[in-house]
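Here are the chains, one letter per residue:
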Amino acid sequence: MPAPELVGAIGIVALLLFILVGVPIAVSSAVVGFVGCWSLMGFTPALGVMYTIPIAKVATYSLSVIPLFILMGVFALHGGIGKELYDACIKWLGRLPGGLAMATTAANGLFGACSGSSLAATATFTKLALPEMNRYNYDKRLSVGAIAASGSMAAMIPPSGMMVIFCTFSDVSLGKILVGGVIPGILSVIIYMASIYIRARRNPSLGPPINEKISWKERLLSLRHLLTAAFTFIVLLGGIYLGFFSPTEGGATGAFVIFLIVLVRGRFTKKNFIESLLETVSTSAMIFFIIIGAMVFAQFLAVSQLPVYFVNYVEGSALPGSLMVIMILLIYIFLGTFLDAVAMMALSLPIVFPMIEVLGINGIWFGIMVIKMTEVALITPPLGLNVYVVKGLAPAEIKLEDIFMGIMPFLLMDILTLAVIFTFPSVVMWLPNTMR
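Residues numbered from 1 in each chain as written. Predicted model: local features only at pLDDT ≥ 70, side-chain atom pairs only at ≥ 80, totals over all residues. Heavy atoms only, no water.

**Digging into the overall build of the chain**
Across its full length, the chain holds 22 helices and zero strands. Over its C-alpha trace the chain gives a radius of gyration of 22 Å, about what one expects of a compact globule, namely 22 Å for 436 residues. For the chain, the spread of C-alpha atoms along the principal axes amounts to about 75 × 45 × 45 Å. If you take every contact in the chain between residues at least 6 apart in sequence, the share linking residues at least 24 apart comes to 81%. Accessible surface computed for the chain: about 18,300 Å², of which carbon and sulfur atoms make up 71%. Across the chain, the mean location of the 24 positive side-chain charges is 11 Å away from that of the 19 negative side-chain charges. (Helix = DSSP H or I, 4+ residues; strand = E, 2+ residues; numbered from the N terminus. Rg over C-alpha atoms; globule rule 2.2 N^0.38 Å. Contact = heavy atoms within 4.5 Å. Areas by Shrake-Rupley, 256 points an atom, 1.4 Å probe, with all protein chains shown as cover. Lys, Arg positive; Asp, Glu negative; His and termini not counted. Charge placed at Lys NZ, Arg CZ, Asp CG, Glu CD.)

Right, dumping it as structure tokens:
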């Protein structure tokens, strides 16, 4: 029989082949994990893995925060909160060069404070912002690029489903990483907006300012639309930061706050309430199936001792920790070209995170960089799920290559943001270090 480490390596290759031929990630990881456990442990113990993991690993209180974060986003989507945020941002930014694209970015950041779903944010602002930018003759690549790229910021700005996934496959505190994402999330918004302004200022044809006069009264009144995002953000993150409740309790509180706001405003009908619940269930089920398959595969890797092999290699190498982190981030760029964000983390972290711990690298700081890489994965060709959401909702004259070309300047800004986080860890760690 081959060495267990070799069986583990064969399993990784087999998994990649399954994914490349189009087998769903949940199915391919579970099948390869089961067959791998069978070859190393025997058939009966492998069946035991398939039986115990869904109950012992997934049916847990801590993971109930995933559907709660998704429910927040769906309620916000059906409640028209995205439209209110966008209208308010237009009133403050629309008269600047590239102002509508900047408003799209700012509104996406604010919507991210009410939603942990990047795809929901992208869909919302494709419907809202693209017609407006087309009406004012914005460059189509700037328009679709701004929408697809800024939609990914929901992964970084709490509440973030991606942070829950990261903590599921690591021993990092969910509360601390949620708080740690606040400043990097704001930084991402600022860098995107600054890049749009500079590009439109240098080339006004990219994003001409709107000429409609907006009074200060209208601007000040529009601030009331920002209160929903601000209140939800303060209640959720403030409660976690001050230790009033756990992240799971925070998710329930946030979903209830959004529900009450939408209900009081009369935006809920029986139909869209039921649709919100069904959408939450279907999205959560998809994520949980991926987690179950990934955990079966992770159990196979643990039995194969492959993570231990890599840990021993790292301990014996003379490579500095910073260089090792850079190498891992480069691997994530590669994985992001053919895996979605959930699968990318679920399949890589069982191998990567033990190496990070051995190097003595702070898990929160590393986790925020991994979350940033999931944002990159959402717009990286050829997979880029946000790109396909925009394509599916955009007019037929906008081609797929227009969207991929449009996101390229934003990819460069993501790399800049990542460089800032890498160079100055305090950008991430300052707030978590002040938590109780």
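There is more to say after this.
**Overview of the packing of aromatic side chains**
Following the criterion strictly, the structure yields 19 aromatic pairs and no others. Aromatic pair Phe-259 and Phe-273: ring centres 5.9 Å apart, planes at 55°, arrangement tilted. On the criterion of sequence distance, the pair formed by Phe-259 in helix H14 (residues 247-264) and Phe-273 in helix H15 (residues 270-304) is long-range, its members being 14 residues apart. For Phe-273, a relative accessible area of 30% corresponds to the partly exposed category. One Lys or Arg, Arg-219, reaches over the ring of Trp-216 and ends 4.8 Å from the middle of that ring. (Phe/Tyr/Trp six-rings, centres within 6.5 Å; stacked < 30°, edge-to-face > 60°. Buried < 20%, exposed > 50% of the residue type's maximum accessible area, 1.4 Å probe, protein only. Lys NZ or Arg CZ within 6 Å of the ring centre and 35° of its normal.)

**Description of a nonpolar patch on the surface**
On the surface, a nonpolar cluster with roughly 710 Å² of combined accessible area is contributed by Val-13, Leu-17, Phe-18, Leu-20, Val-21, Val-27, Val-31 and Val-35. Elements with a contribution of two residues or more to the nonpolar patch: helix H1 (4-20) and helix H2 (25-41). For the nonpolar patch, the leading source of residues is H1, giving four residues. Counting through the fold element by element, Val-13 comes out in helix H1. (Patch = residues over 30% accessible without salt bridge, like charges linked within 9 Å, V, L, I, M, F, W, Y side chains within 5 Å. Salt bridge = Lys/Arg side-chain N within 4 Å of Asp/Glu carboxyl O.)

**Concerning helix H20 (residues 385-393)**
Turning to H20, its buried residues are Asn-386, Val-387 and Val-390. One side of H20 carries all its buried residues, which in axial view fall inside an arc of 105°. The secondary structure elements touched by the buried residues of H20 are helix H7 (118-135), helix H8 (140-151), helix H19 (363-379) and helix H21 (400-423). (Arc of directions from axis to C-beta.)

**Some points on the state of the cysteines**
By the definition in use, this model includes zero disulfides. With no disulfide of its own, Cys-114 lies closest to Cys-89 among cysteine sulfurs, the gap being 12 Å. (Disulfide = S-S within 2.5 Å.)

**Thoughts on the environment of Val-370**
Tracing the backbone shows Val-370 in helix H19. With 184 residues separating them along the chain, Val-370 and Ile-186 place their C-alpha atoms 17 Å apart.

**Structural notes on the nonpolar core**
With 144 residues, the main nonpolar core has Ile-66, Ile-165, Phe-166, Ile-177, Ile-291, Tyr-332 and Phe-366 as its most contacted residues. The biggest single contributor to this core is helix H18 (residues 341-358), with 13 residues. (Core = buried A, V, L, I, M, F, W, Y, C linked by side-chain atoms within 4.5 Å.)

**A closer look at H7**
In a regular helix each residue adds 1.5 Å, so 18 residues correspond to 26 Å; H7 covers 25 Å between its end C-alpha atoms and thus fits that length. Bending of H7 peaks at approximately 35° at the position of Thr-126. The first or second residue beyond H7 is Asn-137, which carries a positive phi of 60°. (Expected span 1.5 Å × (residues − 1). Bend = angle between axes of the 7 residues up to and from the residue.)

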